[in-house]
Amino acid sequence: MSPVARALEERFATVCRAEIARMTRKTRGLTPDERSALEDLSRQVVVAIAAHASIAIDRTGGKDLAQVLAQLFELEEVP
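Here is a short report on the structure shown in this document. (Residues numbered from 1 in each chain as written. Predicted model: local features only at pLDDT ≥ 70, side-chain atom pairs only at ≥ 80, totals over all residues. Heavy atoms only, no water.)

### Here we look at helix α2 (residues 32–60)
At step 1: Helix length check: α2, at 29 residues, gives a terminal C-alpha distance of 42 Å against a target of 42 Å (1.5 Å per residue), a fit within 8%.
At step 2: Of the residues one or two after α2, Gly61 is the one with positive phi, at around 85°. (Helix = DSSP H or I, 4+ residues; strand = E, 2+ residues; numbered from the N terminus. Expected span 1.5 Å × (residues − 1).)

Put into structure tokens, the structure is as follows:
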């Protein structure tokens, strides 16, 4: 996985955790198993999006795309 895709995965995971925490009141009726399933699904979505970004970067030679993604998602400096 490219460094940008790894950084995207971390950024998206942070956003997912924040959104799940923000939705605590709306999801308080979930059982622990349902909450765990929601968190697992969120992680799977994050990994899938980052994997697609990594494939696109690799397919295009990626430097320009990597820079655009880094800017778009406010990533730290990535090679």
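### A short note on the environment of Glu39
At step 1: Within the secondary structure layout, Glu39 lies in helix α2.
At step 2: Counting along the chain gives 19 residues from Glu39 to Ile20, while the straight-line C-alpha distance between them is 7.8 Å.

### Describing the packing of α2 against helix α3 (residues 63–72)
At step 1: Where α2 meets α3, the axes come as close as 7 Å, and the angle between the chain directions of the two elements is 145°. Two secondary-structure elements touch here, α2 through Ala53, Ala56, Ile57 and Thr60 and α3 through Leu65, Ala66 and Leu69. (Axes fitted to C-alpha atoms, helices over the stretch in contact; angles between N-to-C directions. Contact = heavy atoms within 4.5 Å.)

### Side note on the packing of helix α1 (residues 3–22) against α2
At step 1: Two elements in contact, α1 and α2, have axes separated by 9 Å at closest approach and are oriented at 155°. When the axes of α1 and α2 are compared, the pair comes out roughly antiparallel. With respect to the hand of their crossing, α1 and α2 are arranged in right-handed fashion. Residues Val4, Ala5, Leu8, Glu9, Phe12, Ala13, Cys16 and Ile20 of α1 touch α2, and the partners they reach there are Arg35, Glu39, Ser42, Val46, Val47, Ile49, Ala50, Ala53, Ser54 and Ile57.
At step 2: Broken down by class, the residue content of the contact of α1 with α2 amounts to 13 nonpolar, two polar and three charged. (Parallel < 35°, antiparallel > 145°, perpendicular 65-115°, else oblique. Left-handed = near helix turned anticlockwise from the far one by under 90°. Nonpolar A, V, L, I, M, F, W, Y, C, P; charged D, E, K, R; others polar.)

### Things to note about the nonpolar core
In globular proteins that are soluble, nonpolar side chains generally tend to be buried together.
At step 1: In terms of nonpolar packing, the biggest core is built from 12 residues, these being Val4, Ala7, Leu8, Phe12, Ala13, Val46, Ala53, Ile57, Ala66, Leu69, Ala70 and Leu75.
At step 2: No other element matches α1, which puts five residues into this core.
At step 3: With near-sequence residues (within four places) excluded, Phe12 lies in contact with Val46, Ile49 and Phe73. (Core = buried A, V, L, I, M, F, W, Y, C linked by side-chain atoms within 4.5 Å. Buried < 20%, exposed > 50% of the residue type's maximum accessible area, 1.4 Å probe, protein only.)

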